[in-house]
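Each chain is listed here by its residues.
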Amino acid sequence: MAGLVVSLGQPAHAQSAPGERLVIHAGGVIAVPGEEPLGPSTIVIEGGRIAAIEAGHVERPAARTLDLKDRMVLPGLIDTHVHLSFSPETSLTAAAVDTPEDVALFAYANGRKTLEAGFTTVRDVGSDGYAIHALRDAVNDGSVIGPRIFLSGTSLSIVGGHGDMSGLNRKATEALYPYDYTGACTGAVECALRVREAAKYGADLIKVTATGGIMSQQARGLGQHLSDAELTSIVTTAHGLGLKVASHAHGSEGVAASVRAGVDSVEHGTYLDVPTAKEMAARGIWLVPTLGLLEDREKREASPAVRAKIAQARTVEGRNIRLGVQYKVKIAFGTDAGVSPHGQNARQFRHMVEQGPMTPMQALRSATVDAAVLLDQSERIGTLAVGKSADLIAVAGDPYADITLLEHVSTVVKDGKIVRHDPR
């Protein structure tokens, strides 16, 4: 597989032993993004959870100590829109070459890049097959090191829409991407079936492609694909099974249809308009704006259909987050890594500040406190507090003053284990 670089035998840079007590001396702590930082502090970690946060630098001779007196410590970051099983270099014909084992290792490598960039939790909203399920489970049981993963598995779409394969001849398409493999569905009954299948095989949420997509080969633009009846069936069935629904939606009609159906989050929302933004705010529906999605697109080979959609989307770039901020829509951080490069997730923070405009504090909160709410994980992650998972990062400065500091994370701790530490 192109771009696959994995070293399964290589330990984390400074991995701590299971069950070890870890004491962190921090120069400052943003325990709850959106609130004022704490001054010099001592964070005590036991059993993968935060046992204490104390003022000053308290010595505990029997414990391992991590010196971050010159760093600001904050919660591990959360990216709510990634695709670990592919990258910008993944070809249309990858399924003809790559085995499920290749995909699993590739997803593992991308997960490590993401984790070492400071993102301790991700929501994978579209990876074909079940390699991503295996990776999630291996991370959860401690077999491999990676970000905490919540996943949808294969996206649901119309036949030939975004999420279903187009661009190959019929024989190749049927061989590599059979109908039941892609998550395509037609009609309310079959769409409900696809939701139940996803739940049966371990999905944490449902991802639906309500409109066309920019980077897929289908040439039907960015308008609404799934009908209102199909979307309603998907949402009703998912909610009945206790699963949230994330809706990929670019065109304004598809965004509005997703909101009418009652999805939990709108992914992209490129052509979000004022009435729909107001409705999203009123109904508490989240926006995951995936800014920077069109960066460097011209440098990649693209078909005429894809180039046309890129040009179309550029005309409204940034409108989604501007309307979201203006009308107080709940916004969660999500990058579409996989379409954009893995490990560069933090580049989106600057776009949120420049295009929103959001304050650095708001942008950081979207990737911690707010993202944890979207994932229903606020009791576990998103802030630093006693009893929560010991997921934290460190940067050399104050991200409230300079959000780009998050592009240069020096230390990453997940579940109390040191994944990365660069004291320079």
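Residues numbered from 1 in each chain as written. Predicted model: local features only at pLDDT ≥ 70, side-chain atom pairs only at ≥ 80, totals over all residues. Heavy atoms only, no water.

Novice: Describe the pairing of strand E5 (residues 77-82), listing the residues and the values that go with them.
Specialist: The buried count for E5 comes to six of six residues, which makes it a mostly enclosed element. Sheet analysis places E5 next to strand E6 (residues 119-124), joined by four bridges and oriented parallel. Note on E6: the bridge partner recorded for Leu 77 is Phe 119. (Buried < 20%, exposed > 50% of the residue type's maximum accessible area, 1.4 Å probe, protein only. Helix = DSSP H or I, 4+ residues; strand = E, 2+ residues; numbered from the N terminus. Pairing = 2+ DSSP bridges.)

Novice: Which residues make up the packing of helix H5 (residues 187-200) against helix H6 (residues 228-240), and what are the values?
Specialist: Here H5 crosses H6 at 35 degrees, and the two axes come no closer than 8 Å. Crossing of H5 against H6: the hand is right-handed. Along the contact surface, H5 presents Gly 187, Ala 188, Cys 191, Ala 192, Val 195 and Arg 196, while H6 presents Ala 229, Glu 230, Ser 233, Ile 234, Thr 237 and Ala 238. Within the contact of H5 with H6, the residues separate by chemical class into seven nonpolar, three polar and two charged. (Axes fitted to C-alpha atoms, helices over the stretch in contact; angles between N-to-C directions. Left-handed = near helix turned anticlockwise from the far one by under 90°. Contact = heavy atoms within 4.5 Å. Nonpolar A, V, L, I, M, F, W, Y, C, P; charged D, E, K, R; others polar.)

Novice: Report on the sheet that holds strand E8 (residues 205-209), specifying residues and quantitative values.
Specialist: Pairing in this open sheet of four strands is parallel, and the strands run E8-E9-E10-E11 from one edge to the other. Whereas interior strands pair on both sides, the edge strands pair on one side only; in this sheet they are E8 and strand E11 (286-288). Taken over all neighbouring pairs, the strand axes of this sheet differ in orientation by 25 degrees on average, direction set aside. Strand contacts of helix H7 (residues 252-261): strand E9 (244-249) and strand E10 (265-268), with the helix running at about 165 degrees to E9, the strand carrying the most contacts.

Novice: Can you tell me about the environment of Glu 197, naming the residues and giving the values?
Specialist: Here Glu 197 lies in helix H5. Glu 197 sits in the partly exposed class, given a relative accessible area of 29%. Along the sequence, Glu 197 and Gly 183 sit 14 residues apart, while their C-alpha atoms lie 9.6 Å from each other.

Novice: Go over the nonpolar core with me, naming the residues and quoting the values.
Specialist: Ranked by internal contacts, the top residues of the largest apolar core, which has 58 residues, are Ile 206, Ile 234, Val 266, Phe 349 and Leu 406. For Leu 406, the contacting residues outside a window of four places in its chain are Leu 74, Ala 117, Ala 346, Phe 349, Leu 364, Ile 393, Val 395 and Pro 399. In this structure, Leu 22, Ile 43, Leu 392 and Ala 394 belong to the second largest nonpolar core, which totals 17 residues. (Core = buried A, V, L, I, M, F, W, Y, C linked by side-chain atoms within 4.5 Å.)

Novice: How would you summarise the pairing of strand E7 (residues 148-151) if you had to cite specific residues and measurements?
Specialist: The alternating pattern of E7 places Arg 148 and Phe 150 on one face and Ile 149 and Leu 151 on the opposite face, and all of these are buried. The pairing of E6 with E7 spans four bridges and is parallel. Residue pairing in the sheet places Asp 124 in a bridge with Leu 151 of E7. Taken together, E6, helix H2 (residues 131-140) and E7 form a β-α-β motif whose crossover is right-handed. (Right-handed = clockwise from strand over helix to strand, strands pointing away.)

Novice: Describe in detail the packing of aromatic side chains, supporting the description with residues and values.
Specialist: Under the criterion given, the structure shown has three aromatic pairs. Chaining the aromatic ring pairs together yields one cluster made of Phe 119, Phe 333 and Phe 349. (Phe/Tyr/Trp six-rings, centres within 6.5 Å; stacked < 30°, edge-to-face > 60°.)

Novice: Tell me about helix H8 (residues 274-283), and name the residues and values.
Specialist: Among the residues of H8, Thr 276, Ala 277 and Met 280 are the ones counted as buried. One side of H8 holds all its buried residues, which, seen down the axis, span an arc of 105 degrees. Residues of H8 that are exposed and angled more than 90 degrees away from the buried face: Pro 275 and Ala 282. Looking at the residues trailing H8, positive phi occurs at Gly 284, about 70 degrees. (Arc of directions from axis to C-beta.)

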